[in-house]
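Observations on the three-dimensional arrangement
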Amino acid sequence: MVRLKKKTRKSRRGGRGGPELLAPDQVGGMRAAGRLASEILDVVEEMVAPGVTTAAIDKAVDEVTRASGATSAPYLYVNHGTPPFPGYCCTSVNDVVCHGIPSDRELRDGDIVNVDVTPLLDGWHGDSSRTFLIGDVAPKAKQLVRDTWHALWLGIRAVRPGAHIGDIGHAIQTFAEAQGYSVVREFTGHGIGRIFHTAPSILHYGAPGTGSPIRPGMTFTIEPMINLGHWKTDILDDGWTAVTVDGMLSAQFEHTLYVTEDGVEVLTLGKNETPPS
């Protein structure tokens, strides 16, 4: 998954199948799945604190998902020969860029943790992630998380019919690098709908006017991973966990989007989330 996306280096970059274009009267299922993804993360937001294990987060995600009549798409997901993913969500702490496997590890004061969820509801996928601050977080880490969220929204604002996929990455990269960060390149956003990962691949860096044109009816994720240090990553021996090569912090936020005739609809907006002005 690049989010269990998701993701392995291959998974994020190629997608499976072509983009699925939804008519306005077909998007109801995606709205419901996206709303559920947001509600699951709202529950996580209430529980994250020092001493809570990532396994406890995973259990809560599974319970809320099942209680809502859905299943967790990441669970036992296999991508390009990876072992089946053992969690119901991804929990990526500090220098873990993405695909962190839930465990008995306790969150500690000062940590940051990204939780990535993908409920499959009535045949439709909703995909979203947030990075949470645990206890008293250092100013530099707090600013990284804040700026990563802002970078996501700059990418969202680049989405409109007639624009290009490269416009999204350009908006994110320009902002992130101006703040002194780097943008992870091995993992991308992706088309999503009835299929977990499909075209187009959404790079979080690039040049304006490049890439595929953005068309009404597209549904895809934007999920920039922004690092304090170098953008390169390594994959641990578990076949999933991606970490920064230099041990520096990484943050990520993700939304699922639907392209309308004249703009974009965010399907996974949090209940307390107000887009930046």
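Placed above this text is the structure.
Residues numbered from 1 in each chain as written. Predicted model: local features only at pLDDT ≥ 70, side-chain atom pairs only at ≥ 80, totals over all residues. Heavy atoms only, no water.

Within a sheet, each strand pairs with its neighbour through backbone hydrogen bonds, oriented either parallel or antiparallel. With antiparallel pairing, three strands are arranged side by side in an open sheet as 8-12-15. The outermost strands of the open sheet, each flanked by one partner alone, are strand 8 (182-183) and strand 15 (250-252). Of the strand pairs in this sheet, strand 8 and strand 12 (residues 225-227) are connected by two bridges, and their pairing is antiparallel. Counterpart to S182 in the pairing with strand 12 is N227. Contacts from helix 4 (residues 139-157) reach strand 12 and strand 15, with the element oriented near 35 degrees to strand 15. (Pairing = 2+ DSSP bridges. Helix = DSSP H or I, 4+ residues; strand = E, 2+ residues; numbered from the N terminus. Contact = heavy atoms within 4.5 Å. Axes fitted to C-alpha atoms, helices over the stretch in contact; angles between N-to-C directions.)

For the rest of this paragraph, the subject is the nonpolar core. By size, the foremost hydrophobic cluster in this structure holds 33 residues, and its most contacted members are I57, V115 and V117. When residues of this core are traced back to their parent elements, those giving at least two are helix 2 (28-47), helix 3 (54-67), strand 2 (90-93) and strand 4 (112-117). With seven residues, the top contributor of residues to this core is helix 2. The residues touching V117, leaving out its near neighbours within four places in the chain, are A37, I40, L41, V61, C89, G126, D127 and S128. (Core = buried A, V, L, I, M, F, W, Y, C linked by side-chain atoms within 4.5 Å. Buried < 20%, exposed > 50% of the residue type's maximum accessible area, 1.4 Å probe, protein only.)

It is worth stressing that arrangement in space is one thing and function is another; only the former is reported here.
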